[in-house]
Amino acid sequence: MSADRTKGGTGTGGLSRRGALIGAASLAGLGLTKSALAKPLAEVLSTKKLRAGINPTLVPFGVFNQQNQIDGFDADIAREIARQMRVELEIVQVGSPDRIPFLQADRIDIVLGAITRTVERALVIDYTIPLHTQSVVVLTKQSGTAVPIAKPADLDNPAVRLVQVRGTVGIPWIQANAPKAQVTLLDNYPDTFRALQQGRADAMVDVLESIVVPMKNVAGVPWKVLDEVLASTWVGIGVQKGNTTLKDVLNVVLFEMHRSGFVGKTWEKWFGVPMKTPVPMNPMF
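The shown structure was predicted, so the numbers you read here are calculated from the model rather than taken from an experiment.

**With respect to the packing of aromatic side chains**
Here is step 1: Throughout the structure, instances matching the rule amount to eight aromatic pairs.
Here is step 2: Ring centres of Phe193 and Trp223 lie 5.6 Å apart, and the angle between their planes is 75°; on these two criteria the pair is classed as edge-to-face. One end of the pair, Phe193, is in helix α8 (residues 189-197); the other, Trp223, is in strand β12 (residues 223-225), and 30 residues separate them in sequence.
Here is step 3: Relative accessible area serves as the criterion here: at 2%, Phe193 is assigned to the buried category.
Here is step 4: Residue classification places Trp223 among the buried positions, given a relative accessible area of 14%.
Here is step 5: Following the ring pairs from residue to residue traces out a cluster consisting of Phe61, Phe73, Trp267 and Phe271.
Here is step 6: Sitting above the plane of the Phe102 ring, Arg107 keeps its charged end 4.2 Å from the centroid.

Below, the structure is given as structure tokens:
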């Protein structure tokens with residue numbers, strides 16, 4: 001079995017575009033003037049250590065366990081990767097703004113933490129094949145809403161009261177598809193769930209992976225997630241730009257982890273439900 005150790009990092013703030021697109025200024029903030037060379041596969045194997053950046057505030061992708069060690073879905077995935085590569089795992093704590101700078105500065109070898117695949121990020125890091133997806137859905141209640149909500153189109157009604165966390169992906173979708181609905185913007189998820197629980201709101205549009213745990217923690221509400229997925233994003237593991245030797249092996253390991261069912265079982269362990277949009281099996285990469 002691979003051992004894992006938690007190592008402190010800096011910053012645990014939210015995802016930002018500036019945090020995704022980094023260059024000399026970002027690296028200067030880490031005390032470096034230029035990007036350090038990534039450890040190729042041969043060096044990872046010779047040192048027998050794989051350093052994985054994980055965000056412990058992005059529950060349940062990353063959490064602190066009772067021993068104050070980083071655990072969660074990403075930690076389990078990283079442990080299995082290290083086990084298959086026959087190396088030791090070192091977990092390095094990262095936040096959303098500093099995870100790509102850490103990768104470029106060679107402070108970590110791989111980065112997890114729901115790092116959605118985008119063109120902008122692909123310009124500065126390389127991605128493995130998808131590890132998982134994220135699905136935008138409608139969360140409502142089986143009863144107690146102003147009008148029945150059975151499909152996303154039902155949200156486009158002046159009687160429907162939507163509640164959203166500011167700056168989340170559901171807001172542009174609502175503006176384009178449900179402009180007639182009433183929309184209340186709040187600062188955090190606890191407040192939005194409290195509004196739904198207390199009957200001050202009927203539904204919200206958000207990433208399922210962001211709401212599944214808070215939804216379970218609010219008892220006594222007849223929650224309902226509509227079946228239709230409004231949008232899906234692809235999430236891979238990030239490696240330093242040009243580190244193809246490590247990326248190639250990770251792709252093979254991830255494919256085997258998908259084929260064996262390890263990814264799916266680990267997802268259900270931490271999220272309590274199957275992945276809403278499964279990653280299709282594709283051996284071509």
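**Examining the confidence of the model for the protein chain**
Here is step 1: The share of residues in the protein chain with pLDDT of 70 or more is 87%, and the mean pLDDT across the chain is 88.
Here is step 2: Within the model, the stretch residues 9-35 combines pLDDT values under 50 with 46 contacts to residues more than four positions away or in other chains.

**Quick word on the environment of Phe64**
Here is step 1: Structurally, the position occupied by Phe64 is in strand β3 (residues 63-64).
Here is step 2: Looking at Phe64, the relative accessible area reads 38%, which means it is partly exposed.
Here is step 3: Those residues within four positions of Phe64 in sequence are excluded, and the remaining contacts are Pro56, Gln69, Ile70 and Gln93.

**Looking at the packing of helix α4 (residues 73-85) against helix α11 (residues 262-271)**
Here is step 1: For the pair α4 and α11, interaxial distance at closest approach is 9 Å and the crossing angle is 150°. When the axis of α4 is compared with that of α11, the two are roughly antiparallel. For the pair α4 and α11, the crossing hand works out as right-handed. For the pair α4 and α11, the contacting residues are Phe73, Asp76, Ile77 and Glu80 in the first and Phe262, Val263, Thr266, Trp267, Lys269, Trp270 and Phe271 in the second.
Here is step 2: In terms of residue class, the contact of α4 with α11 is made up of seven nonpolar, one polar and three charged.

The rules behind each value
- Residue numbers restart at each chain and count upward from 1, following the sequence in its written direction.
- Selection of residues for local features in this predicted model requires a pLDDT of at least 70, selection of side-chain atom pairs for listing and counting requires 80 or more, and totals for whole chains, interfaces and linings are taken over all residues.
- Excluded from the side-chain calculation are hydrogens and water; included are all heavy atoms of the structure.
- The rule is short: rings of Phe, Tyr and Trp, with Trp giving its six-membered ring, pair when the centres are within 6.5 Å, and they are stacked under 30 degrees, edge-to-face over 60, tilted in between.
- Under the scheme used here, helices are H or I runs from DSSP no shorter than 4 residues and strands are E runs no shorter than 2 residues, and both carry numbers assigned from the N terminus.
- When a residue's accessible area, from a 1.4 Å probe over protein chains only, is under 20% of the maximum for its type it is buried; when over 50% it is exposed; and in between it is partly exposed.
- Charges are assigned to positions over rings by a cutoff of 6 Å between ring centre and Lys NZ or Arg CZ, combined with an angular limit of 35 degrees from the ring normal.
- A score between 0 and 100, pLDDT records how confident the predictor is in each residue.
- The contact criterion used is simple: two residues touch if any of their non-hydrogen atoms lie within 4.5 Å.
- What counts as an axis is a line fitted to C-alpha atoms, over the stretch in contact for a helix, and the angles between N-to-C directions run from 0 to 180 degrees.
- What sets the label is the angle itself: under 35 degrees gives roughly parallel, over 145 gives roughly antiparallel, 65 to 115 gives roughly perpendicular, and the rest give oblique.
- Crossing handedness is read from the near helix: turned anticlockwise from the far helix by less than a right angle, it gives a left-handed crossing, and turned clockwise, a right-handed one.
- In this classification, the charged set is Asp, Glu, Lys and Arg, the nonpolar set is Ala, Val, Leu, Ile, Met, Phe, Trp, Tyr, Cys and Pro, and all remaining amino acids, among them Gly, are polar.

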